Each structure stands twice: as C-alpha cells, then as structure tokens.
Amino acid sequence: MRDDLLPVLACPVCAEPLARVDGGQVGCATGHRFDEAKQGHLTLLPAKRRALTADTPEMVDARIRFLGRGHYAPVERALAAVVAATDVPGVVLDVGSGPGTYLAHVLDADGPDETASDATAPDGRPDSPPAGSVTARLGVALDLSAVAIRRAARVHPRAGAVVGDVTERLPVVDDAAAVVLDVFAPRNQREYARVLHPAGVLAVVTPRTGHLAELAEATIAVDPEKERRLRDSLEPTFALRSSEDLTWTMDLSAEDVHDVVHMGPSHHHVDPGRVFAPTTVTAAVTISTWTVTGPPTR
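Residues numbered from 1 in each chain as written. Predicted model: local features only at pLDDT ≥ 70, side-chain atom pairs only at ≥ 80, totals over all residues. Heavy atoms only, no water.

> Looking at this structure, I do not really get the overall build of the protein. What am I missing?
When its secondary structure is counted, the protein shows 7 helices and 11 strands. Of the contacts made within the protein by residues no fewer than 6 positions apart, 70% connect residues no fewer than 24 positions apart. Element-wise, carbon and sulfur atoms account for 51% of the exposed surface of the protein, whose accessible area totals about 13300 Å². (Helix = DSSP H or I, 4+ residues; strand = E, 2+ residues; numbered from the N terminus. Contact = heavy atoms within 4.5 Å. Areas by Shrake-Rupley, 256 points an atom, 1.4 Å probe, with all protein chains shown as cover.)

> Help me understand the pairing of strand 11 (residues 279-292) in this model?
The two faces of a sheet get side chains in turn, since along a regular strand they alternate between them. Note: strand 9 (residues 196-207) against strand 11, 6 bridges, orientation antiparallel. Across the sheet, L202 pairs through a bridge with W290, a residue of strand 11. As paired elements, strand 10 (residues 238-252) and strand 11 share 14 bridges and run antiparallel to each other. By the bridge assignment for strand 11, S243 is matched with S288. (Pairing = 2+ DSSP bridges.)

> Whenever I open this one, the sheet that holds strand 5 (residues 91-95) confuses me. Can you help?
For sheets, the rule is that strands pair by backbone hydrogen bonds, running either parallel or antiparallel. Overall, mixed pairing links the 8 strands, which are arranged 4-7-6-5-8-9-11-10 in an open sheet. Strand pairing shows two members of the sheet lacking a second neighbour, strand 4 (42-43) and strand 10, which therefore form its edges. In this structure, strand 4 lies alongside strand 7 (residues 159-163), joined through 2 bridges in parallel fashion. Paired with T43 across the strands is V163, a residue of strand 7.

> Is there a simple way to think about the packing of helix 2 (residues 73-84) against helix 3 (residues 101-110) in this case?
Two quantities define a packed helix pair, namely the angle between the axes and the distance from one axis to the other. Where helix 2 meets helix 3, the closest approach of the two axes is 9 Å, and the angle between their N-to-C directions is 50°. By the angle between their directions, the pair helix 2 and helix 3 is classed as oblique. Like other packed secondary-structure pairs, helix 2 and helix 3 cross with a definite hand, here right-handed. Residues V75, E76, R77, L79, A80 and V83 of helix 2 form the contact with helix 3, whose participating residues are T101, Y102, H105, V106, A109 and D110. (Axes fitted to C-alpha atoms, helices over the stretch in contact; angles between N-to-C directions. Parallel < 35°, antiparallel > 145°, perpendicular 65-115°, else oblique. Left-handed = near helix turned anticlockwise from the far one by under 90°.)

> Just checking my understanding: could you explain the sheet that holds strand 1 (residues 19-20) for this structure?
Taken together, 3 strands build an open sheet; the order of strands is 1-2-3 and the sheet is antiparallel. The sheet terminates laterally at strand 1 and strand 3 (33-34), the two strands that pair on one side only. Pairing geometry for strand 2 (residues 26-27) and strand 3, over 2 bridges, is antiparallel. Residue pairing in the sheet places V26 in a bridge with F34 of strand 3.

> Teacher, can you tell me more about the packing of aromatic side chains here?
For any pair of aromatic rings, geometry is given as the distance between the ring centres together with the angle between the planes. Scanning all chains against the criterion turns up 3 aromatic pairs. Where F66 meets Y72, the ring centres are 5.4 Å apart and the plane angle is 85°; that geometry is what we call edge-to-face. Exposure remark for F66: the relative accessible area of 0% places this residue in the buried category. Among the aromatic residues, those joined into a cluster by ring pairs are F66, Y72, F184 and W248. (Phe/Tyr/Trp six-rings, centres within 6.5 Å; stacked < 30°, edge-to-face > 60°. Buried < 20%, exposed > 50% of the residue type's maximum accessible area, 1.4 Å probe, protein only.)

> Is there a simple way to explain the confidence of the model for the protein in this structure?
Any region with low pLDDT has predicted coordinates that should not be read closely. Residues of the protein with pLDDT of at least 70 account for 84%, and the chain-wide mean is 86. For the protein, per-element mean pLDDT is lowest for helix 6 (residues 226-234), which scores 80, and highest for strand 5, which scores 98. Low pLDDT, under 50, characterises residues 114-134; the predicted model gives this stretch 32 contacts beyond four residues in sequence or across chains. (pLDDT = per-residue confidence, 0-100.)

> Any chance you could explain the environment of D4 here in plain terms?
Considering the arrangement of structural elements, one finds D4 in the segment before strand 1. Accessibility expressed as a relative area gives 14% for D4, which makes it buried. Here the alpha-carbon distance between D4 and G160, two residues 156 residues apart in the chain, equals 9.8 Å. For D4, the side chain forms a polar contact with the side chain of R2, separated by 2.7 Å. (Polar contact = N/O pair within 3.5 Å; in protein donor to acceptor, adjacent residues only side chain to side chain.)

Structure below.
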C-alpha cells in the first residue's frame, strides 16, 4: 500500500485516518493496528457485519480474462472521460472494484505515473496540485472479495486496494474522493455522499434491458425496473447530472461466452461444466453521473 494513500483510508473501528506506524504496520491514532498483506493490500472490515457472498477465484479469473480482451472498452472510455473532466482534488474510489480493471484504465488515462504528487494537506490527505500543474490521481479499489483485492493491489502503481464491505461504513475518510466509480455494484447512498468531495462526481454503470440478451438462458435477466431502483437508491441526496446509453455488439469466442457468464452472479447458477458456442452478443448499459445535493436520507 502506498504511504500517500493511507491518510485517505479510515480505521474500521473508530473511523480515524490511518498511517504507517512502528514495525511497518498500519494504524490509527487511537491505537488500532492492521497488518498489510504480502500482496500489498489491507483488510479493513467492520468487526460486526452481515454475511455476504464475495466473488470466488473462478469469477475473478473469468472477469480478468474477459475484460482483458477489451470487450467492455466502451465502458472504460466513458469512465475515463468522467475522471478526466473532474477538476476537484481527491482520489478515484472504485467501490465493488473486483480486480480493479476499470480503476487501472481510468488511472492510465488520467496521466503518467511519474507526475503523481507526494504533497499533503494539513489534515494529512493528498493535497490538490498548484494551479497549472499536472498531477496524476491516485486510486483506491474496494471490494469484499479478498481474492479480487489481491489482484487489485498490483493492478496499477498509483492504486491501493482494500478488502471492505461496500454495504457498511466505507473505510475512507470524509470528502476524500473526487470520483466514486460504481460499476455493476451495490450502491451505498449515505457513504457515497460522505466520502465524495462536495463538488465530486459519482459515476454509476448499470445494465439495460437487452444486455447480454443472446445469453438469456445462462445469465440473470436485467430487472425492467432497474432505472427506477437506481433513482430510488440515490435520490434525493444525489441529483442526476448526465446519463448516456451505450450499446455495442461483441463477437465472442466460446471462451469469451464462458467467461462473461461466469464473471458475475450467474456463475452461481450455471453448471461449471457447461460448454458454450461462439456467439455475437449485445451489450447495453447506462453510464450515469450524479452530484451530491443534500444530506443522506438512508
């Protein structure tokens, strides 16, 4: 974990900022201590949390293979554009990040690694760059799956990775994120509002009706009320700033089809030995951006 990312992270016990302490551990001023994994990530789970299902090694491997072949490049480009257009200080926080593929892409698009700044604000967090300077943003990948986060810890030199529960209080300090990414992930209205810079942006990617329709027998259908449920989960704390529908076709090999089926929740419902045929598949998603307009209501 980069030392300049630690002040962005919060203790899951007392919510105080973290820092490097004696012996190489990570800890807060209150005295809570956390070991850094050999892969470089931290586990910052609350002491009491609900039992949730995290992505398995098979799901993570399938996602890395499928996204690595560029099939969701339109999503990557759209998210990179959102980050590039955001001019407030803070990190890019990818919630429900999986192995960090989208985070790595937006950080690559944001700027060269050598421009990253080590400047810190009085409160210990990375400071905003002087006017006219070019500073590449840092990023944090956050996911419940330790398997995914082990991969995310090494996905980009300007990224840190944390095992955390996206449905509870996020282990991130207030106002730390310039952009929060939520790509096919659960949403946490209260916490997104808390960790976002007041002028920051929430970018949400959701599937539309027709997404992967050609694979309907092997995938979970998109809820026709998805758009309404998205608004219900974010309003009135967040206001919709923009919405863009993206539709494209993917010529998938048999391996591609296997991976797109097994990289998501459909993995739990499909025979692992099922053989797929090459198929042309439709992708249909919405990229929406949101800004904070008021205090959280839930």
